[in-house]
Amino acid sequence: MTEDGLPETVGDRHLFMAWSTHTTDWDTYGKWYDGEHIPQVMDTTGMVGAQRFVLDDTKPLPGVKRLDWGHLAMYELGQDAGAFREEVKAMLMSGDMVLPDFMVQPFKALFLRPVSEVHYGADWDAGRLDERHLFFAWSTHTTDWDTYGKWYDEVHIPQILSVPGMLRAQRFLPAGTKPLPGVDVPDEGHLALYEMAGSPSTFREECKRMLMSGEMVLPEFMVQPFGATFMRPESPWWPAQD
């Protein structure tokens, strides 16, 4: 545990997530993101890759709080995001990076650090990242972190990864990295991020079945309702260039 009683960082897979809305058409927004913004961000310290996502139309799971923060640009780093943050801030302050007028301000942004190992599903294949869909499960709890992490890693995630098409899962907490200037920082707690190949419909129906049958039980120490979102890819996975 850290000095403030939170789980230690596990591994090097850090994330930066930027959710946004806009006042232009999707083609213009996507062209700016893919042709200008992502290449700029990718040329920073520690960058592994990036991908854009939008809300999927899969029906939410029963009883969850559906979160819709708009378009998501998810950046994966291979180290702590501190240097990345300083470089992006410098580009914004110098005018080398310009956010267009059609991006609604402030946008939501969050640095995340890993608090579990990566759990791989039977269908894991790094070549399928272009088609991956995401399920975000944000949560808070009333127990200690050791109990919560043990339940997630030893019980819940293995149940989820038994669903056909699951690629991988990992748990995250907000990092101590200072937010970028002017952003709105979400505060939804612990994140379990699940990646699956193709549509989440099978995942949704199988999780619903396990919950309704009692095969999957959410413990009383998980605060209800928790925030959840299904997202689909809006761009390919852009790996960083060596």
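Residues numbered from 1 in each chain as written. Predicted model: local features only at pLDDT ≥ 70, side-chain atom pairs only at ≥ 80, totals over all residues. Heavy atoms only, no water.

**What to know about the layout of surface pockets**
Line of reasoning, step 1. Computed from the structure, the largest pocket encloses a volume of approximately 240 Å³.
Line of reasoning, step 2. Considering the residues around the largest pocket, the lining is formed by 18 residues, among which H37, L92, L99, F107 and L180 are closest to the centre.
Line of reasoning, step 3. Among the secondary structure elements, those contributing two or more residues to the lining of the largest pocket are β1 (14-20), α1 (26-42) and α2 (82-94).
Line of reasoning, step 4. Considering only residue class, the lining of the largest pocket consists of 15 nonpolar, 3 polar and no charged.
Line of reasoning, step 5. Size it by volume and the second largest pocket reaches roughly 210 Å³.
Line of reasoning, step 6. Forming the walls of the second largest pocket are 18 residues, and the residues nearest its centre are L61, H156, L211, L218 and F226.
Line of reasoning, step 7. For the lining of the second largest pocket, the secondary-structure elements that each account for two or more residues are β7 (132-139), α3 (145-161) and α4 (201-213).
Line of reasoning, step 8. Tallied by class, the residues present in the lining of the second largest pocket amount to 15 nonpolar, 3 polar and no charged. (1 Å grid on protein atoms, 1.4 Å probe; cavity = no way out; pocket = protein on both sides within 12 Å on 5 of 7 lines; lining within 4 Å. Points joined across faces, edges and corners; volume = space filled by probe spheres on them. Helix = DSSP H or I, 4+ residues; strand = E, 2+ residues; numbered from the N terminus. Nonpolar A, V, L, I, M, F, W, Y, C, P; charged D, E, K, R; others polar.)

**Some thoughts on the pattern of salt bridges**
Line of reasoning, step 1. Counted by the stated rule, this structure contains 15 salt bridges.
Line of reasoning, step 2. Its salt-bridge partner being R52, residue D34 comes within 2.8 Å of it at the nearest N-O pair. Separated by 18 residues along the polypeptide, D34 in helix α1 and R52 in strand β2 (residues 47-55) bring together distant segments of the chain.
Line of reasoning, step 3. Residue classification places R52 among the buried positions, given a relative accessible area of 3%.
Line of reasoning, step 4. E76 is paired through a salt bridge with R168; the nearest N and O atoms lie 3.9 Å apart. (Salt bridge = Lys/Arg side-chain N within 4 Å of Asp/Glu carboxyl O. Buried < 20%, exposed > 50% of the residue type's maximum accessible area, 1.4 Å probe, protein only.)

Any functional reading would require information that these geometric values do not contain.
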